[in-house]
Amino acid sequence: MTVESVEAVEVKAEDTQMTEVSVSLPEKEKAVEKVNEAKPRTVEKSSSYREESNFLSDLKDNENKALIELRSKLEEAILGNTLLKKEELKKETASESKEEEPAAAEEKEKEPEATDGAAPEEAEPKTEGEDKQSCSEVEKPEEVVDRDITLWGVPLLPSKCAEGNDVILLKFLRAREFKVNEAFEMLKKTLEWRKEFKTDSILEEELGQDISSVAYMNGVDREGHPICYNIYGVLENEELYQKTFGTEEKRNQFLRWRIQLMEKGIQKLDFKPGGVTSLLQINDLSNSPGPSKKEIRIATKQAVGLLQDNYPEFVARNIFINVPFWYYALNALLSPFLTQRTKSKFVFVRPSKVTETLLK
């Protein structure tokens, strides 16, 4: 990638008389949080992306139509018990059957055998009607409909008219360019993944005490987005690097910790129309491990995949500061796995523009 192409995606700062200075991370955070010292100005994105309104009155006709259709599909799936896979239920039923088989065998062994040549008592034959009734009872158990399925604390059943329901559905629709079937499948897969990953209980886990300096939430930007700082330079410490990525088990723990941090950030959001419904990410790449570190490449690719597939439209923009040239090559490798919409939120900043950009 040429210098010209790099500069094409940089933030174009307004002309100011601001002095360019090299700043440390605490100063960068203070710069972002000094929200009352100047009139708020918007950071330009790397393309024409802007955050859309969640007010229904602001939706285009085709967007409103897609939302109504997705509501209908979701309502039907929840009431028809087809939103979530039933594999777990089948497994539980199968295991119960296996437990019952030995018990039945034991009961059979305990039955008294015929003595003194006496024939065992024959069971009274069941009538055809009784047999059919018992079969019907076994084959057609009463199905319980779970109307209380939630996502990020928001009830998903549209007829409950829960505040925030439309905002959540619009996230999935926007991530799939308002293609209803694709958005619905994405929602289903997210719910299935959360069940497998045990995401709903992840906030209760104690994770990442050793790597809490790698990424953390702190403060808000001018528009009220909670800020997540990702400080890759601390991983230059080889001992910390090995603790984090040294084995597959440790990389899996890193993924759980990163998802936990995302869930903590979501706790700060407000899923009302007009509320703040996404985060700002600031990625400091100074002194970060280079592309020769295979383990961090694998973990990063996995984390990016999980976040993109299961957290649609939760990042308002991704600002990269102190970007080394090798990162552009790594970004080119990750790029095919990112949607165009995701890539449109990336902002790369030259070292001389860091202070100016974060203040804005």
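Residues numbered from 1 in each chain as written. Predicted model: local features only at pLDDT ≥ 70, side-chain atom pairs only at ≥ 80, totals over all residues. Heavy atoms only, no water.

1. Regarding the packing of aromatic side chains
Enumeration according to the criterion identifies 14 aromatic pairs in this entry. Ring-pair connections join several aromatic residues into one group, and the members of that group are Trp152, Phe172, Trp193, Phe197, Phe271, Tyr311 and Phe314. Sitting over the ring of Phe314, Lys171 keeps its end group 4.2 Å from the ring centre. Over the ring of Phe197 we find Arg256; its NZ or CZ atom is 4.6 Å from the centre of that ring. (Phe/Tyr/Trp six-rings, centres within 6.5 Å; stacked < 30°, edge-to-face > 60°. Lys NZ or Arg CZ within 6 Å of the ring centre and 35° of its normal.)

2. Thoughts on the confidence of the model for the protein chain
A residue-level look at the protein chain finds 70% of positions with pLDDT of 70 or above and a mean pLDDT of 78. Note on residues 1–48: pLDDT is under 50 here. Beyond four places in sequence and across chains, it has 79 contacts. Every residue in residues 91–97 is under pLDDT 50, and counting partners more than four places away or in other chains gives zero contacts. (pLDDT = per-residue confidence, 0-100. Contact = heavy atoms within 4.5 Å.)

3. Examining the layout of surface pockets
For the largest pocket, the calculated volume is near 870 Å³. In terms of lining, the largest pocket is formed by 47 residues, of which the most central are Tyr232, Gln281, Val304, Leu307 and Asn318. Elements that contribute at least two residues to the lining of the largest pocket include exactly helix H9 (248–266), strand E5 (279–284), helix H10 (294–310), strand E6 (315–321), helix H11 (325–334) and helix H12 (340–343). Counting residues per element, the lining of the largest pocket draws most heavily on H10, which supplies nine residues. (1 Å grid on protein atoms, 1.4 Å probe; cavity = no way out; pocket = protein on both sides within 12 Å on 5 of 7 lines; lining within 4 Å. Points joined across faces, edges and corners; volume = space filled by probe spheres on them. Helix = DSSP H or I, 4+ residues; strand = E, 2+ residues; numbered from the N terminus.)

4. Focus: the nonpolar core
In this structure, Trp152, Leu156, Leu173, Phe271 and Tyr311 are the most contacted members of the largest nonpolar core, which totals 58 residues. The set of elements that each furnish at least two residues to this core consists of helix H3 (61–79), helix H6 (165–175), helix H7 (180–197), strand E3 (215–220), helix H8 (238–245), H9 and H10. Of all the elements, H7 adds the most residues to this core, at eight residues. Look past the residues within four positions of Trp152 in its chain and what remains in contact with it is Ile168, Phe172, Arg194, Glu263, Ile266, Phe271, Asn310, Tyr311, Pro312 and Phe314. Counting residues in hydrophobic clusters, the runner-up holds 12 residues, among them Tyr216, Leu280, Val347 and Val349. (Core = buried A, V, L, I, M, F, W, Y, C linked by side-chain atoms within 4.5 Å. Buried < 20%, exposed > 50% of the residue type's maximum accessible area, 1.4 Å probe, protein only.)

5. Focus: the pattern of salt bridges
Scanning all chains against the criterion turns up 14 salt bridges. A salt bridge links Arg256 to Glu205; its shortest N-O distance comes to 2.6 Å. Placement of Arg256 in helix H9 and of Glu205 in the loop between H7 and E3 is noted, with a sequence separation of 51 residues between them. Residue class for Arg256 comes out buried when judged on its relative accessible area of 15%. Connected through shared salt-bridge partners, Glu52, Arg174, Glu313, Arg341 and Lys345 make up one network. (Salt bridge = Lys/Arg side-chain N within 4 Å of Asp/Glu carboxyl O.)

6. Focus: unusual backbone geometry
A positive phi angle, near 55°, is found at Asn81, a position not held by glycine. Relative to the elements of secondary structure, Asn81 occurs in the loop between H3 and helix H4 (87–110). Phi at Asn322 is positive, roughly 55°, even though this residue is not glycine. Along the chain, the position of Asn322 falls in the loop between E6 and H11.

7. A look at the environment of Gln253
Inspection of the secondary structure puts Gln253 in helix H9. With a relative accessible area of 40%, Gln253 lands in the partly exposed category. It is 7.9 Å that separates the C-alpha atoms of Gln253 and Gly208, two residues lying 45 residues apart in sequence.

8. A word on the pairing of E6
Most of E6 is tucked away, with seven of its seven residues classed as buried. Here E5 pairs with E6 via six bridges, running parallel. Looking at the pairing, Leu280 lines up with Arg317 of E6. (Pairing = 2+ DSSP bridges.)

9. Quick look at the packing of H3 against H7
Direction vectors running N to C along H3 and H7 enclose 45°, while the axes themselves pass 10 Å from each other. When the axis of H3 is compared with that of H7, the two are oblique. Our pair here, H3 against H7, has a crossing hand that is right-handed. Contacts from Ala66, Glu69, Leu70, Lys73, Leu74 and Ala77 in H3 reach Val180, Asn181, Ala183, Phe184 and Leu187 in H7. (Axes fitted to C-alpha atoms, helices over the stretch in contact; angles between N-to-C directions. Parallel < 35°, antiparallel > 145°, perpendicular 65-115°, else oblique. Left-handed = near helix turned anticlockwise from the far one by under 90°.)

10. Here we look at the environment of Arg297
Position of Arg297 relative to the elements: it lies in helix H10. Taking the C-alpha atoms as reference, Arg297 lies 9.4 Å from Leu334; in sequence the two are 37 residues apart.

11. A closer look at the side chain of Thr244
Inspection of the secondary structure assignment puts Thr244 in helix H8. Take Thr244: its relative accessible area is 2%, and that puts it in the buried class. Setting aside chain neighbours within four positions, we find Thr244 in contact with Ile211, Leu235, Lys250, Arg251 and Phe254.

12. Observations regarding H6
Every α-helical turn comprises 3.6 residues, leaving residues that sit three or four positions apart pointing alike. Among the 11 residues that make up H6, 10 are buried, leaving the element largely enclosed by the rest of the structure. Along H6, the residues classified as buried are Asn165, Val167, Ile168, Leu169, Leu170, Lys171, Phe172, Leu173, Arg174 and Ala175. Looking at the buried side of H6, the elements it contacts are H3, strand E1 (150–151), strand E2 (154–155), H7 and H12. Downstream of H6 by one or two residues, Glu177 has phi in the positive range, about 50°.

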